[in-house]
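Structural features, examined
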Amino acid sequence: NKIKILIVEDYIKIAEAWSSILAEKGFNIIGICTAEKETLKKAKELIPDVVLMDINLKEGNGISCTKELVSLLPNINVIALSMYSDEKHLEDMLNSGAKGYVTKNSSINEIVNAIEVVLSGGTYICDEMKDI
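A brief report on the enclosed structure follows. Bear in mind the structure is a predicted one, so any value in this text is a computation, not a measurement. Every chain's residues receive numbers from 1 upward, in the order its sequence appears when written. Totals for whole chains, interfaces and linings use all residues, but because this is a predicted model, local features are given only for residues with pLDDT of at least 70 and pairs of side-chain atoms are given and counted only at 80 or more. Only hydrogens and water are set aside; all other atoms, that is, all heavy atoms of the structure, feed into the side-chain values.

Here the focus is the pairing of strand β5 (residues 100–103). Any residue under 20% of the maximum accessible area for its type is buried, any over 50% is exposed, and the rest in between are partly exposed; the area is computed with a 1.4 Å probe on protein chains only. In this text, helices come from DSSP runs of H or I with a minimum length of four residues, and strands from runs of E with a minimum of two, each type numbered from the N-terminal end. Covered by surrounding structure in β5 are G100 and V102 together with Y101 and T103, the residues of both alternating faces. Pairing between two strands is assigned when DSSP locates at least 2 bridges connecting them. Bridging between strand β4 (residues 77–82) and β5 involves four bridges; their strand directions are parallel. Paired with I79 across the bridge in β5 is G100. Once the chain exits β4 it traverses helix α4 (residues 87–95) before rejoining the sheet at β5, and the crossover so formed is right-handed. For the handedness criterion, the strands are oriented away from the viewer, and a crossover whose path from the first strand over the helix to the second runs clockwise is classed as right-handed. A crossover links β5 with its parallel partner strand β6 (residues 124–125), the connecting element being helix α5 (residues 108–119), and its sense is left-handed.

Laid out in structure tokens, this is it:
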């Protein structure tokens, strides 16, 4: 049973790159979204195991989207995948219900590790952010 992942990223080329890399690692990429409303609709339909959530979206943002997703689907596992490496964004995402935070500087192995930790019930903060 492959882990189902929904990728939420405002730049479609970046989302497609993540999709391709994660599929090579054995994950089932069930969708790509670029905006908040689209994400909420697809997540309700597809029930992903993990949502990789960018903070900047075409419409809305990853912080409010995460809060809404967790409200709609309490068992959802959201991992922030962001260019931001500051304490405010980390706290905002964790307070909105994200269970992990990795930056776009993180290696694919670290992202895979974050997925595994979160699915096993833990919280994952990437190496770049641990000392903040």
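On to the nonpolar core. For our purposes a nonpolar core is just a set of buried Ala, Val, Leu, Ile, Met, Phe, Trp, Tyr and Cys residues, chained together by side-chain atoms within 4.5 Å. Ranked by size, the top nonpolar core spans 41 residues in total, and within it L22, M53 and L69 carry the most contacts. Note on contacts: a residue pair qualifies if any of its non-hydrogen atoms lie within 4.5 Å across the two residues. Every residue in contact with L69, bar those within four places of it in the chain, is listed here: T39, L40, A43, V51, M53, I76 and V78.

Moving on, we come to the packing of aromatic side chains. Each pair of aromatic rings is reported with the distance of its centres and the angle of its planes. Pairing of aromatic rings covers Phe, Tyr and Trp, the last through its six-membered ring, and needs centres within 6.5 Å; plane angles under 30 degrees mean stacked, over 60 mean edge-to-face, and all others mean tilted. According to the stated counting rule, one finds zero aromatic pairs in the structure shown. The residue whose ring lies beneath K130 is Y124, and the NZ or CZ to ring-centre distance is 5.1 Å. Two conditions define a charge located above a ring, namely a distance within 6 Å from the ring centre to NZ of Lys or CZ of Arg, and an angle within 35 degrees of the ring normal.

Turning to unusual backbone geometry, a few remarks are in order. Positive phi values are uncommon outside glycine, yet I47 reaches one of about 45°. Mapping I47 onto the fold places it in the loop between α2 (36–46) and β3 (50–53). Assessed through its relative accessible area of 42%, I47 is described here as partly exposed.

The subject of this paragraph is the sheet that holds strand β2 (residues 28–33). Ordered in space as β2-β1-β3-β4-β5-β6, the six strands form an open sheet in which the pairing is parallel. Strands with a single pairing partner mark the edges of an open sheet, and in this sheet they are β2 and β6. Note on geometry: axes are lines fitted to C-alpha atoms, helical ones only across the stretch in contact, with angles between N-to-C directions running from 0 to 180 degrees. Of the strands in this sheet, β3 and β4 are in contact with helix α3 (residues 62–72), which crosses β3 at around 165°. Across the face of the sheet, α4 comes into contact with β3, β4, β5 and β6 while running at roughly 145° to β5.

What follows is about α4. Within α4, the full set of buried residues consists of H89, L90 and M93. Taken down its axis, α4 places every buried residue within 100° of arc, on the same side. Opposite the packed face of α4, turned more than 90 degrees from it, sit the exposed residues K88 and N95. Where α4 is buried, its residues contact β3, α3, β4, β5 and β6. Pairs of N or O atoms within 3.5 Å make up the polar contacts considered here, provided that, within protein, one atom can donate a hydrogen while the other can accept it, and that residues adjacent in sequence are counted only when both atoms are side-chain atoms. The opening residue of α4, the one whose side-chain oxygen lies 3.2 Å from the backbone nitrogen of K88, is D86. The directions considered for the arc are those from the helix axis to the C-beta atoms.

It is worth spelling out the pairing of β4 at this point. A large share of β4 lies buried, amounting to six of its six residues. Burial along β4 is two-sided: N77, I79 and L81 facing one way and V78, A80 and S82 facing the other are all buried. Where β3 meets β4, four bridges bridge the pair, whose relative direction is parallel. Along β4, the bridge assignment pairs M53 with A80.

With respect to the element layout, S106 can be found in the loop between β5 and α5. A polar contact of 3.3 Å, which involves the side chain of S106, links it to the side chain of E110. Other than its neighbours up to four places away in sequence, S106 contacts I111 and C126.

No statement about biological role is implied by the geometric values presented.
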